[in-house]
Amino acid sequence: MESAPHILVVDDHRDIRDLLARYLTKHGLRVTTAADGAALRRLLKSSAADLVVLDVMMPGEDGLSLCRHLRETSGLPVILLTAMAEDTDRVVGLEIGADDYVTKPFNPRELLARIKAVLRRTNSLPPDSEAGRAGRLRFGRWTLDRAQRALLDEAGVVTPLSSGEFKLLDALIARPGMVLSRDQLLDLTQGRAAKAFDRSIDNQVSRLRRKIEADPKNPELIKTVWGGGYSFAGKVESA
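Here's a quick rundown of the structure. (Residues numbered from 1 in each chain as written. Predicted model: local features only at pLDDT ≥ 70, side-chain atom pairs only at ≥ 80, totals over all residues. Heavy atoms only, no water.)

**With respect to the overall build of the chain**
Scanning the chain from terminus to terminus reveals eight helices and 13 strands. Counting all 239 residues of the chain, 48% fall into the buried class. In the chain, once contacts between residues fewer than 6 apart in sequence are set aside, the share between residues at least 24 apart is 57%. With an accessible surface of roughly 12,100 Å², the chain has 51% of that area assigned to carbon and sulfur atoms. (Helix = DSSP H or I, 4+ residues; strand = E, 2+ residues; numbered from the N terminus. Buried < 20%, exposed > 50% of the residue type's maximum accessible area, 1.4 Å probe, protein only. Contact = heavy atoms within 4.5 Å. Areas by Shrake-Rupley, 256 points an atom, 1.4 Å probe, with all protein chains shown as cover.)

**Topic: unusual backbone geometry**
The linkage connecting Lys104 with the following residue, Pro105, adopts the cis geometry, with an omega of -5 degrees. Relative to the assigned elements, Pro105 resides in the loop between strand E5 (100–104) and helix H5 (108–123). Its identity is not glycine, yet Arg149 carries a phi of approximately 55 degrees, on the positive side. One can find Arg149 in the loop between strand E7 (142–145) and strand E8 (150–152). Owing to a relative accessible area of 30%, Arg149 belongs among the partly exposed residues under this scheme.

**What to know about the packing of aromatic side chains**
In the structure shown here, the tally under the stated rule is one aromatic pair. Look at Phe139 and Phe232: their rings are 5.3 Å apart centre to centre, the planes differ by 90 degrees, and that puts the pair in the edge-to-face class. Of this pair, Phe139 sits in strand E6 (residues 136–139) while Phe232 sits in strand E12 (residues 229–232), and the two are 93 residues apart along the sequence. With respect to class, Phe139 is no different from Phe232; both count as buried. (Phe/Tyr/Trp six-rings, centres within 6.5 Å; stacked < 30°, edge-to-face > 60°.)

**Describing the sheet that holds strand E13 (residues 236–238)**
Spatial strand order, E9-E8-E7-E6-E13: five strands in an open sheet with antiparallel pairing. Edge positions in the sheet fall to strand E9 (158–159) and E13, since each has one partner strand and no second. Its contacts with the sheet put helix H6 (residues 163–173) on E6, E7, E8 and E13, and the angle it makes with E7 is roughly 110 degrees. (Pairing = 2+ DSSP bridges. Axes fitted to C-alpha atoms, helices over the stretch in contact; angles between N-to-C directions.)

**Focus on the packing of helix H1 (residues 14–26) against H5**
Relative placement of two packed helices is described by the angle separating their axes and the distance separating the axes. Two numbers describe how H1 lies on H5: the axes approach to 11 Å, and their chain directions differ by 60 degrees. Between H1 and H5, the crossing angle belongs to the class labelled oblique. Taken as a pair, H1 and H5 cross one another with a handedness that is right-handed. Contacts between H1 and H5 involve Leu19, Leu20, Tyr23 and Leu24 from the first element and Pro108, Arg109, Leu111, Leu112 and Ile115 from the second. Classifying every residue of the contact of H1 with H5 gives eight nonpolar, no polar and one charged. (Parallel < 35°, antiparallel > 145°, perpendicular 65-115°, else oblique. Left-handed = near helix turned anticlockwise from the far one by under 90°. Nonpolar A, V, L, I, M, F, W, Y, C, P; charged D, E, K, R; others polar.)

**Brief notes about the pattern of salt bridges**
In this structure the tally under the stated criterion is 14 salt bridges. Note that Arg138 is salt-bridged to Glu237, the shortest N-O span being 3.6 Å. Here the residue Arg138 occupies a position in strand E6, and Glu237 occupies one in strand E13, the gap between them amounting to 99 residues. We classify Glu237 as partly exposed; its relative accessible area is 35%. A single network of salt bridges, built from pairs that share partners, joins Asp11, Asp55 and Lys104. (Salt bridge = Lys/Arg side-chain N within 4 Å of Asp/Glu carboxyl O.)

**A short note on the packing of helix H2 (residues 37–46) against helix H3 (residues 63–73)**
For the pair H2 and H3, the least separation of the axes is 11 Å and the interaxial angle reads 20 degrees. On the basis of their axis angle, the class for H2 and H3 is roughly parallel. Here H2 and H3 pass one another in a crossing that is right-handed. Residues Gly37, Leu40, Arg41 and Leu44 of H2 form the contact with H3, whose participating residues are Leu66, His69 and Leu70. By residue class, the composition of the contact of H2 with H3 is four nonpolar, two polar and one charged.

**Some thoughts on the sheet that holds strand E3 (residues 51–55)**
The strand order E2-E1-E3-E4-E5 describes an open sheet built from five strands, whose pairing is parallel. In this open sheet, the two edge strands, each paired with only one partner strand, are strand E2 (30–34) and E5. Taking the axes of each pair of neighbouring strands and ignoring which way they run, one obtains an average angle of 20 degrees across the sheet. Looking at chain direction, strand E4 (residues 78–83) and E5 are connected through five bridges and run parallel. Across the sheet, the residue bridging to Leu81 is Val102, located in E5. In the packing of H3 onto the sheet, the strands contacted are E3 and E4, and the crossing angle to E4 comes to about 165 degrees. On top of the sheet, H5 reaches strand E1 (6–10), E3, E4 and E5; it is set at about 175 degrees to E5, its chief contact.

Function cannot be read off these values alone, since they describe shape.
Okay, structure coming up:
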């Protein structure tokens, strides 16, 4: 059982926490529950986890704020539990990096299937490099501040990035020298929001090159690997 994936369930309703803990444990997962953001933060300091199931509507620090914190500080996968009518929560959740969402009321069997799908996808992705886990990454004349989601040049001037451009650059520089396919980049940047045959990665790469390359037509940082995808060729170090 110790080798089973460890799932953190965060919900302020005790009946939901207990229901999910019993159901997921019955199906071979290790489960720890938390009633709020403070409890989740304590758990993350004391034990390793493989995925977080996170309720959006909680008193105090809500699920969207916690999801944003997890994206800024870790690569831990997140599945949001959202109210059926709150389309905005689902969209915002995906934009800030949630891997999937399930609407309430939900069938535990559906949640289990989504947990397994997210774990399969994330486990198949190449891991971050050691430098790629830092909060600030330097490459060439640029520094990416993950907490502030900002790209700065050597003078400290911010170059605006869209949400998609930030996530793509973050995914690439966290794995310098690795060839990442378009499908892998879609999983790393968009999760469930990605669509089959989505060409947005190519468009975002083109926009990123115009912002960070000295000569976008002859890129030195983001290299195209024909038949493979893209690779970040620049040297990356913790800033």
